[in-house]
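Report on the structure
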Amino acid sequence: MRFATWNVNSVKARLPRLLDWLTGTAPDVVCLQETKVAGDAFPEQEVAALGYTTAAYGQGRWNGVALLSKVGLDDVRHGFTGQPGFPDPEARAISAVCGGIRFMSVYVPNGRSPEDPHYSYKLAWLSALRDALIPDLAAGPLVVAGDWNVAPDDADVWDVSVFAGSTHVTVPERDALAAVRGIGLADVPARALKGDHPYTYWDYRAGMFHQNKGMRIDLVYASAGVAAAVTDAYVDRDARKGKGPSDHAPVVVDLSGLPSDHVG
DNA sequence: ATGTCCCTTCACAAGGGA
């Protein structure tokens, strides 16, 4: 099985590139973030023509997550138990069982700045996610993938000194992310296709991509059996090149056979 | 570290968010 996660920064604006990428990469399951469309406005027919079933959870202008699958899409859930709002619920998580694995696509709140109410919202959101994942992990193989808006380590940004006083690198954010892993999820490290840094996001501004001033914030967390079945994982930086890219690159993961924690 | 992109609206320009 091949699966992927990608923050597309508007599925409407990215549709031609998304369809090309699906055709060329041929993942079985895709976790999408920042689709920026209401659920019923997702281009389901276009991806169905490539063999994908869609589950989309959107709210229009902002946020929006979706799952695409060629291997089934069962027990779809929008959001998670205890998910905080800002103040209302936001379309930031969707999960379903595909090919015997529960996949959750997550778009973690940005936080804006450590003094902003959005930052405490981000921490509360991650804490509630951790709690909600415990029963999902007990139920069987699990993949939680998406845009976490946290760089787990100093090496995950091009220059940590630039981020002094900023979100994405603070201790509470990193602790909240570590707490999610702490329930028994493993980080699936993705290799870079070029250079030493598997960054997944580069700001559109100031030629950041071409200077490789990026961040590793799109992460794949997996249950032990899924992690043990990984044969390869890479950041597809080629998808960040050229005209009209998203500011994020996809992360692609290959699995050999069924995960050893497969049940049923 | 602020050089872009995307979305929306008291819409054809400006603001918000990332």
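None of the values given here were measured: they were computed from a predicted structure.

Each value, and the rule that gives it
- Residues numbered from 1 in each chain as written.
- Chains lettered and ligands numbered in written order.
- Predicted model: local features only at pLDDT ≥ 70, side-chain atom pairs only at ≥ 80, totals over all residues.
- Heavy atoms only, no water.
- Pairing = 2+ DSSP bridges.
- Helix = DSSP H or I, 4+ residues; strand = E, 2+ residues; numbered from the N terminus.
- Contact = heavy atoms within 4.5 Å.
- Axes fitted to C-alpha atoms, helices over the stretch in contact; angles between N-to-C directions.
- UniProt positions renumbered as here; feature names shortened; annotations may be inferred.
- Polar contact = N/O pair within 3.5 Å; in protein donor to acceptor, adjacent residues only side chain to side chain.
- Near = heavy atom within 4 Å.
- Nonpolar A, V, L, I, M, F, W, Y, C, P; charged D, E, K, R; others polar.
- Core = buried A, V, L, I, M, F, W, Y, C linked by side-chain atoms within 4.5 Å.
- Buried < 20%, exposed > 50% of the residue type's maximum accessible area, 1.4 Å probe, protein only.
- Salt bridge = Lys/Arg side-chain N within 4 Å of Asp/Glu carboxyl O.

On to the sheet that holds strand 5 (residues 74-78), then. Overall, mixed pairing links the six strands, which are arranged 5-6-7-8-11-9 in an open sheet. Both edges of this open sheet fall to strand 5 and strand 9 (186-187), since each of them pairs with a single strand only. Pairing between strand 9 and strand 11 (residues 218-222): two bridges, direction antiparallel. Bridge pairing in strand 11 places Asp187 opposite Tyr221. Of the strands in this sheet, strand 5, strand 6 (93-98), strand 7 (101-107) and strand 8 (142-147) touch helix 3 (residues 117-139), which is tilted by about 175° from strand 7.

Time to look at the UniProt feature "site: Transition state stabilizer" (unreviewed entry) in chain A. Mapped onto this numbering, the UniProt entry annotates "site: Transition state stabilizer" (unreviewed entry) at Asn149. Secondary-structure assignment places Asn149 in the loop between strand 8 and helix 4 (171-182). If we skip the residues at most four places from it in the chain, Asn149 touches Tyr107, Val108, Pro109, Asn110, Lys122, His168, Glu173 and Ile217. Looking at Asn149, its side chain comes within polar contact range of the main-chain oxygen of Val108, at 2.9 Å.

The next subject is the sheet that holds strand 3 (residues 53-57). Taken in spatial order, the seven strands line up as 3-4-2-1-13-12-10 in an open sheet, and their pairing is mixed. At either margin of the open sheet sits one strand with a lone partner, and together these are strand 3 and strand 10 (191-192). Note: strand 1 (residues 2-7) against strand 2 (residues 29-33), five bridges, orientation parallel. Counterpart to Asn7 in the pairing with strand 2 is Gln33.

As a matter of local geometry, DNA strand B sits amid 17 residues, with Ser10, Arg14, Arg61, Arg112 and Arg205 nearest to it. Close to the protein, within 4 Å, the atoms of DNA strand B are drawn from sugar and phosphate at a rate of 47%. Between Ser10 and DNA strand B, the recorded distance is 2.5 Å, taken from a side-chain N or O atom to a phosphate oxygen. Arg205 places a side-chain nitrogen or oxygen 2.7 Å from a base oxygen of DNA strand B. Its residues placed into classes, the surface near DNA strand B shows eight nonpolar, four polar and five charged.

In this section: the nonpolar core. As a rule of thumb, nonpolar side chains are buried together in soluble globular proteins. Core analysis: the biggest nonpolar cluster contains 32 residues, and Phe3, Leu67, Phe103, Val143, Val220, Val253 and Leu255 have the highest contact counts within it. Apart from residues no more than four positions distant in its own chain, Leu67 is found in contact with Val30, Cys31, Thr53, Thr54, Ala55, Leu73, Ile94, Ser95, Ala96, Phe103 and Ser105. If you look at the next biggest cluster of nonpolar residues, it comprises 24 residues, including Ala93, Ala128, Ala132 and Leu142.

On to the pattern of salt bridges, then. Throughout the structure, instances matching the rule amount to 14 salt bridges. Where Asp131 meets Arg130, a salt bridge forms, and the shortest distance between an N and an O atom there is 2.8 Å. If you follow the salt bridges from partner to partner, you end up with Asp75, Arg77, Arg102 and Asp136 in one network.

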